[in-house]
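Coordinates in review
These are the residues of each chain, in order.
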Amino acid sequence: MSLKKVEQVKKDRCFKLADLIIYGVVILLAAALFIAFFAVRDDSPLRGVRIRVDNAAVYEYSFADGSGGALTEDGTVSVEENGGIIEVTVRAYGGYNVIVIDVAARTARVREADCPGGDCVYTELNRTEISSNNSPPVYCPPHRLVVEPLGYSPSYDDPHIKI
Amino acid sequence: MPRIYYNIPVKRIFRALCAILCAAASAMCGCGGGEESEAADYRYSTIYAMNTSALLVVYDDFSAPGAEEKFARFEGEARGIIAEVENSLSVSKEGSSVLAFNGAEAGAKVEIDVHAYEVLSAAERVYADTDGYYNPAVYYNVSAYGFNGGTFPASEEDIPTDGEIAAYGEIYSRFGELTLTVEGDKYYAIKPSVTAEYGGTVYSMKVDLGGIGKGYAADLIDGLMDEYGYGCGYFSFGTSSIALKRFAGGGDFTLGFTDPRAPWDEYLSAPVSDRCISTSGDYENYFELGGKRYCHIFSPVTGRPVETGIMSATLIGGSAAENDAYTTAIMAMPPEKAAAFIAEKLSSRLAVFTLSAADGLKYFTNIGEGGYTILNGRYTPYVGAENVA
């Protein structure tokens with residue numbers, strides 16, 4: 001390395017004040033984005049479960065205080081509780097779905113349905129379990145039934161579409 | 001001791017580190033930068049029809065005067081169109097054109113509505129174009145396996161016999177003889193004059209246009225979005241038939257392709273906008289018996305659920321109704337034929353299919369390099385004739 005080059009390197013190797021300010025701002029911005037991401041994400045345990053038929057809520061259960069139950073008395077919903085497992089049977093549009101709520105595990109899934117496709121039923125290949133407040137709803141189109149986290153509100157802010 | 005200075009570009013390295021940090025932070029937040037980082041203003045609607053749910057999403061400035069009322073009118077019209085299509089194509093609803101056609105005598109001339117006419121016309125076109133690999137008249141075969149709301153076979157003995165399948169084959173193989181006419185403002189279908197007897201029952205042709213009907217509805221909603229001037233949004237009918245505009249602010253959507261052997265996951269992604277998309281797959285509706293998968297897509301060659309090794313097929317571009325039919329046909333073709341068919345007849349569309357081959361899971365696509373991303377290393381490119389698992 002020539003002496004001139006060495007002198008140039010010695011002169012340039014330190015940051016100037018303006019550089020440091022810009023880099024500091026960038027680092028702070030990146031850190032703020034990380035913090036915002038983790039603060040906004042709702043990783044808290046599932047608050048509760050809501051079941052809807054034709055957009056009308058027919059059953060709700062809150063894990064916080066164990067409150068909730070059928071929201072209709074027309075025979076659409078029947079509930080059985082057995083050792084921390086709540087079995088909700090919903091009869092609609094000529095069929096039924098059995099939704100199992102595990103109180104200790106704070107999860108909900110459709111165990112059984114008599115529709116031909118059975119897309120809503122949790123299996124090894126079809127892991128449609130609601131386990132967090134971010135879990136997507138489980139749909140049973142033939143019975144127009146939706147099982148979703150309590151307070152769930154869908155967001156379409158993301159350009160991602162699954163096909 | 002002399003000091004040694006290395007010519008290390010400290011500033012450049014630091015700049016690069018800053019850039020990586022920023023990119024990582026953006027990625028973690030799901031923000032692509034620019035218009036996508038802004039919260040989108042949207043309205044959506046869920047519609048239940050044809051035994052599935054449809055999702056309608058529109059991005060617009062809903063703070064503008066009259067925007068809410070405009071969306072309400074649009075949603076009402078969309079619901080009306082979907083209800084009309086369902087009422088026309090249902091195989092069970094009283095008054096539907098398809099029920100009238102299915103119930104008519106062989107050779108009868110049946111008045112149908114415009115929706116049934118358009119869908120049957122599209123079905124005829126794709127039937128001819130695919131040499132019969134798409135055939136909506138495999139109705140009895142589908143029913144015999146329990147896919148039309150019946151019960152799936154519980155054991156090997158319940159699988160339809162060769163004799164039964166052959167009888168149904170006599171009927172569906174004559175789909176090309178269907179005649180469609182327009183007289184004034186009325187539409188007619190003349191049923192092929194073929195019957196077959198099995199088990200003491202005489203059968204005439206029946207069709208199920210449910211699959212292609214979803215794509216047809218997606219095409220109509222696509223046109224309705226144009227009429228209303230909605231350039232951003234989408235309509236997804238059961239996720240298998242989609243009319244896609246642009247994402248909020250005018251960007252592309254990112255399509256995530258379902259992994260057919262792990263449907264909760266995705267194996268491929270591609271940026272797409274302003275296209276109609278259809279997907280058929282053997283993971284959507286199937287049962288297993290003796291370790292074998294029987295799916296709801298039927299091969300007109302065998303009269304039984306497809307066993308070509310093709311697990312899913314997707315087409316992007318063109319009409320969703322035709323794409324619904326083409327993807328069904330691709331599922332029924334041997335993989336080499338499917339690849340050749342796409343190259344020969346569907347080169348104006350983007351196509352992707354997946355294959356279960358003897359040496360692992362494969363994908364085939366005509367999307368150019370850089371136009372898609374493989375998300376799962378289990379999938380390797382399909383390059384030609386291979387043993388199907």
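Residues numbered from 1 in each chain as written. Chains lettered and ligands numbered in written order. Predicted model: local features only at pLDDT ≥ 70, side-chain atom pairs only at ≥ 80, totals over all residues.

Another aspect to go through is the overall build of chain A. For chain A, the helix and strand inventory stands at 2 helices and 11 strands. Going from the N terminus to the C terminus, chain A shows its helices and strands as α-α-β-β-β-β-β-β-β-β-β-β-β. Sorting the 163 residues of chain A into buried and exposed places 23% on the buried side. (Helix = DSSP H or I, 4+ residues; strand = E, 2+ residues; numbered from the N terminus. Buried ≥ 20, exposed ≤ 12 C-beta atoms within 10 Å, placed from the backbone.)

Now for the overall build of chain B. Helices and strands together make up the secondary structure of chain B, namely 9 helices and 19 strands. Looking at chain B as a whole, 42% of its 389 residues are labelled buried. Partitioning the intrachain contacts of chain B with sequence separation of at least 6 by distance along the chain shows that 63% fall at a separation of at least 24. (Contact = placed C-beta atoms within 7 Å.)

On to the sheet that holds strand E5 (residues 186-190) of chain B. All names here are of chain B. Here we have 3 strands laid out as an open sheet, ordered E3-E5-E4, and antiparallel in their pairing. On the outer flanks of this sheet lie strand E3 (109-112) and strand E4 (179-183), each paired with one strand and no other. This sheet shows a mean twist of 30 degrees between the axes of neighbouring strands, independent of strand direction. (Pairing = 2+ DSSP bridges. Axes fitted to C-alpha atoms, helices over the stretch in contact; angles between N-to-C directions.)

The subject of this paragraph is the packing of helix H4 (residues 114-129) of chain B against helix H7 (residues 210-227) of chain B. When two helices pack together, their arrangement is given by the angle between the helix axes and the distance between those axes. All names here are of chain B. In the contact formed by H4 and H7, the axes pass within 10 Å of each other and the chain directions differ by 115 degrees. By the angle between their axes, H4 is roughly perpendicular relative to H7. The two elements H4 and H7 meet at a crossing, and its hand is right-handed. Note on element contacts: H7 touches H4 through Ile 212, Gly 213 and Tyr 216, opposite Glu 118, Val 119, Ala 122 and Ala 123. (Parallel < 35°, antiparallel > 145°, perpendicular 65-115°, else oblique. Left-handed = near helix turned anticlockwise from the far one by under 90°.)

Now for the domain arrangement of chain B. All names here are of chain B. Per the domain assignment, the segments making up chain B are domain 1 (40-91 + 211-234), domain 2 (93-207) and domain 3 (252-389). Across the boundary between the two partners, domain 1 contributes 10 residues, which contact 15 residues of domain 2. Elements supplying a minimum of two residues to the side of domain 1 that touches domain 2: helix H2 (67-89) and H7. Per-element accounting of the side of domain 1 that touches domain 2 gives the leading share, 5 residues, to H2. The class makeup of the residues in the side of domain 1 that touches domain 2 is 5 nonpolar, 4 polar and 1 charged. (Domains from an automatic or database assignment. Nonpolar A, V, L, I, M, F, W, Y, C, P; charged D, E, K, R; others polar.)

This part covers the pairing of strand E10 (residues 253-259) of chain B. With 5 of its 7 residues buried, E10 of chain B lies for the most part within the structure. Relative to E10 of chain B, strand E11 (residues 160-162) of chain A is paired through 3 bridges, and the arrangement is parallel. Bridge pairing in E10 of chain B links Lys 162 of chain A to Gly 256 of chain B. The pairing of E10 of chain B with strand E11 (residues 262-272) of chain B spans 7 bridges and is antiparallel. Following the sheet pairing, Asp 259 of chain B is matched in E11 of chain B by Ala 262 of chain B.

This part covers the pairing of strand E15 (residues 310-316) of chain B. For a regular strand, side chains alternate in direction, first toward one face of the sheet and then toward the other. All names here are of chain B. Of all 7 residues that make up E15, 7 are buried, and the element is covered over most of its length. Here strand E12 (residues 275-281) pairs with E15 via 5 bridges, running antiparallel. The partner of Ile 277 across the bridge, within E15, is Ile 316. In terms of strand pairing, E15 meets strand E16 (residues 350-357) through 6 bridges, oriented antiparallel. Looking at E16, one finds that Leu 315 is bridged to Ala 351.

What follows covers the packing of H7 of chain B against helix H8 (residues 320-332) of chain B. Residue and element names in this part refer to chain B. Contact geometry for H7 and H8: axes closest at 6 Å, N-to-C directions at 150 degrees. Between H7 and H8, the interaxial angle falls into the category roughly antiparallel. Considering how the two elements wind past one another, H7 and H8 form a crossing that is right-handed. Contacts between H7 and H8 pair Gly 211, Ile 212, Lys 214, Gly 215, Tyr 216, Ala 218 and Asp 219 from the former with Ala 320, Ala 321, Asn 323, Asp 324, Ala 325 and Thr 328 from the latter. For the contact of H7 with H8, a count of residues per class yields 6 nonpolar, 4 polar and 3 charged.

This brings us to helix H6 (residues 162-172) of chain B. Residues and elements named next belong to chain B. All of the buried residues in H6 are Ala 167, Tyr 168, Ile 171 and Tyr 172. Down the axis of H6, the buried set is contained in an arc of 135 degrees. They therefore lie on one face. Those residues of H6 that are exposed and aimed more than 90 degrees away from the buried face are Asp 162 and Gly 163. Buried residues along H6 sit against helix H5 (139-144), strand E6 (195-198) and strand E7 (201-204). (Arc of directions from axis to C-beta.)

Of note, the phi angle at Arg 144 of chain A is positive, near 50 degrees, even though the residue is not glycine. Along the polypeptide, Arg 144 of chain A turns up in the loop between strand E9 (138-140) and strand E10 (145-149). Positive phi outside glycine occurs at Asp 131 of chain B, with the angle close to 55 degrees. Relative to the helices and strands, Asp 131 of chain B resides in the loop between H4 and H5.

Before going further, it helps to spend a moment on the sheet that holds E11 of chain A. Backbone-to-backbone hydrogen bonds join strands into a sheet, with any given pair of strands oriented parallel or antiparallel. Taken together, the 4 strands give an open sheet; going across it, the order is E11(A)-E10(B)-E11(B)-E18(B), and neighbouring strands pair in mixed fashion. The open sheet has two edge strands with one neighbour each: E11 of chain A together with strand E18 (373-374) of chain B.

Our next topic: H7 of chain B. Residue and element names in this part refer to chain B. Over its 18 residues, H7 runs 26 Å from end to end, which matches the ideal 26 Å to within 8%, given 1.5 Å per residue. Counting buried positions over the 18 residues of H7 gives 14, a clear majority of the element. Gly 229 occupies a position one or two residues after H7 and carries a positive phi of about 75 degrees. (Expected span 1.5 Å × (residues − 1).)

Moving on to the environment of Ala 154 of chain B. Mapped onto the elements, Ala 154 of chain B comes out in the loop between H5 and H6. Distance from Ala 154 of chain B to Arg 275 of chain B, taken between C-alpha atoms, is 41 Å for residues 121 residues apart in sequence.

Residue and element names in this part refer to chain A. As for its placement among the helices and strands, Pro 149 is situated in strand E10. Given 21 C-beta atoms within 10 Å, Pro 149 falls into the buried group. Through-space distance from the C-alpha of Pro 149 to that of Asn 55 is 14 Å; in sequence the pair is 94 residues apart. When sequence neighbours within four positions are dropped, the list of residues in contact with Pro 149 reads Leu 46, Arg 47, Val 49, Ile 130, Asn 133 and Ser 135.

Okay, the environment of Tyr 203 of chain B next. All names here are of chain B. Position of Tyr 203 among the secondary structure elements: in strand E7. Distance in space between the C-alpha atoms of Tyr 203 and Gly 360 is 42 Å, their sequence separation being 157 residues. Tyr 203 has contacts with Tyr 140, Ile 171, Thr 195, Ala 196 and Tyr 198, leaving out every residue within four places of it along the chain.

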